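Architecture and fold: a report
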Amino acid sequence: MSVTNLPPWAPAEALSGASYSAAELSADGDRVFLLEQRELPVVERYVTLTTPAEVAEGIRAMVVRGAPAIGIAAAYGMVLAARAARGEGAEGYLHALRRAGALLDASRPTAVNLSWAVRRALALAEQHAPRDGEQRFQEMAAFARALHRDDVAACRAMGRLGAAHLPDEGAILTHCNAGALATGGYGTALGVIRAAIEAGKRLRVLADETRPYLQGARLTAWELHKDGIPVEVLADSMAGWLMQRGEVKAIVVGADRIARNGDVANKIGTYAVACLARHHGIPFYVAAPWSTVDLATPDGTAIPIEERASDEVGLIAGKRMVPEGVRARHPAFDVTPASLITAIFTERGEATPGELARLAG
Ligand SMILES: CSC[C@H]1O[C@H](OP(=O)(O)O)[C@H](O)[C@@H]1O
């Protein structure tokens, strides 16, 4: 693994459509570039990875995070596996891709985009295994790049749909980071906000800091400030007070897995925000690509919730905040019931949670 302070790709190569990107594949398909999100907003630094195991560790350790972004990173990890297996016959190739897929799929459990991307890569591997090694590798790279491009297009499509539901002016509350840094580019929840502002709406953003990884304070604020979009950061305890004072006009969040009945798994704290929104009669919107919808999961009780290390809560910038010997709970996600959600925006259309299956096509 190597580290650089500048995007290691030529500007024309980035599929994100921005000067930065959560994950990119080199032109030769031999390296995966991840923006080291644990060091933002202070340092913009990129890590260059060359094996599926390194990509899996980058996802587990949250170098790259965000449901669509980790799906894209996993797809790029499968490209590295296909490249390394160019000299293998069909059986050896499939064994190598299955091993890489298992590593990548095991890196984080909640975002369905990860397993969705690995499943699609393995389906392609099954289909082209008998072909020449170089041809398999190029086909896997084309698949992964198309998945990245499709995600950016999906973000822009759902952004346009959602933008119509936002007020002409006022403050929009967000939770966690569902922006370009969590996707292939442009963002889901932040894509709705970007599209609304591009359409002339005079909006500003209240970004929940979102302890303990601080995706809101460190990542959402960094993205929006870079775009010149007005943003203020809130401690997670402040949202209710600002809703009670009438300052919050709407709420838009992302998702990591949407069950068939419309229940939504998202960053821990989302459920509390949704309860407050309902109490104050404020619209609560979810924006997510169809790759986040999991029709095989009947409802939110069946969504696996990632438990992360206690010290990710107990330490802040390496400084101990919880006494030694005292455990800090760390569920990384919670589930917001469909009944608290006003509408879900996807690239296939918008739906109330109960109507989601209608978009399945
Ligand atoms: C556009 S998906 C973003 C989604 O993923 C985040 O989780 P994490 O930062 O732990 O990967 C969070 O739940 C966001 O809403």
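Here the structure is a predicted model, which means the values were calculated and not measured.

When its domains are assigned, the protein resolves into domain 1 (23–155) and domain 2 (165–359). Using only C-alpha atoms to locate each centre, domain 1 and domain 2 end up separated by 25 Å. Each partner contributes to the interface: domain 1 provides 28 residues, whereas domain 2 provides 33 residues. Sorting the residues of domain 1 by area buried against domain 2 places Arg65, Thr110 and Cys155 first, and these three jointly supply 25% of that buried surface.

On to the sheet that holds strand E9 (residues 257–259). Taken in spatial order, the four strands make up an open sheet running E12-E9-E10-E15, and their pairing is mixed. One side of each edge strand has no neighbouring strand; the edge strands of this open sheet are strand E12 (293–294) and strand E15 (333–336).

Let us look at the sheet that holds strand E7 (residues 231–234). The sheet built from seven strands is open, its strands ordered E7-E6-E5-E8-E11-E16-E17 with mixed pairing. Lying at the two open borders of the sheet, with one neighbouring strand each, are E7 and strand E17 (349–351). Across this sheet, the average inter-strand angle for adjacent strands is 25°, counted without regard to direction. Of the strand pairs in this sheet, strand E5 (residues 169–174) and strand E8 (residues 248–253) are connected by three bridges, and their pairing is parallel.

Moving on, we get to the nonpolar core. Of all hydrophobic cores here, the largest spans 47 residues; its most connected members are Leu34, Ile59 and Met140. Counting only elements with at least two residues in this core, the list comes to strand E2 (23–25), strand E3 (32–35), strand E4 (46–49), helix H1 (52–60), helix H2 (67–84), helix H3 (90–105), helix H4 (112–128) and helix H5 (133–163). It is H2 that contributes the most residues to this core, 13 residues altogether. Leu34 has contacts with Ala22, Ala23, Arg45, Tyr46, Val47, Leu49, Gly58, Val63, Val64 and Ala73, leaving out every residue within four places of it along the chain. Judged by nonpolar contacts, the second largest core, of 28 residues, contains Leu234, Ile282, Ala288 and Leu359.

Below, the discussion takes up the pairing of E5. Residues in a regular strand project their side chains so that they alternate between the two faces of the sheet. Of all six residues making up E5, five are buried, and the element is well covered by its neighbours. Note that E5 and strand E6 (residues 202–208) share six bridges and pair parallel. Bridge pairing in E6 places Thr174 opposite Ala207. At this point the chain moves from E5, through helix H6 (residues 189–198), to the parallel E6, and the crossover so formed is right-handed.

Okay, empty space enclosed by the protein next. If you walk through the whole model with that rule in mind, you get one cavity of 30 Å³ or more. Of the pockets and cavities examined, the largest cavity occupies roughly 190 Å³. In terms of lining, the largest cavity is formed by 23 residues, of which the most central are Gly66, Ala67, Asn177, Asp256 and Asn266. When residues of the lining of the largest cavity are traced back to their parent elements, those giving at least two are H2 and strand E10 (264–267).

About the thresholds
Residues numbered from 1 in each chain as written. Predicted model: local features only at pLDDT ≥ 70, side-chain atom pairs only at ≥ 80, totals over all residues. Heavy atoms only, no water. Domains from an automatic or database assignment. Contact = heavy atoms within 4.5 Å. Buried area = accessible area lost by both parts, 1.4 Å probe. Pairing = 2+ DSSP bridges. Helix = DSSP H or I, 4+ residues; strand = E, 2+ residues; numbered from the N terminus. Axes fitted to C-alpha atoms, helices over the stretch in contact; angles between N-to-C directions. Core = buried A, V, L, I, M, F, W, Y, C linked by side-chain atoms within 4.5 Å. Buried < 20%, exposed > 50% of the residue type's maximum accessible area, 1.4 Å probe, protein only. Right-handed = clockwise from strand over helix to strand, strands pointing away. 1 Å grid on protein atoms, 1.4 Å probe; cavity = no way out; pocket = protein on both sides within 12 Å on 5 of 7 lines; lining within 4 Å. Points joined across faces, edges and corners; volume = space filled by probe spheres on them.

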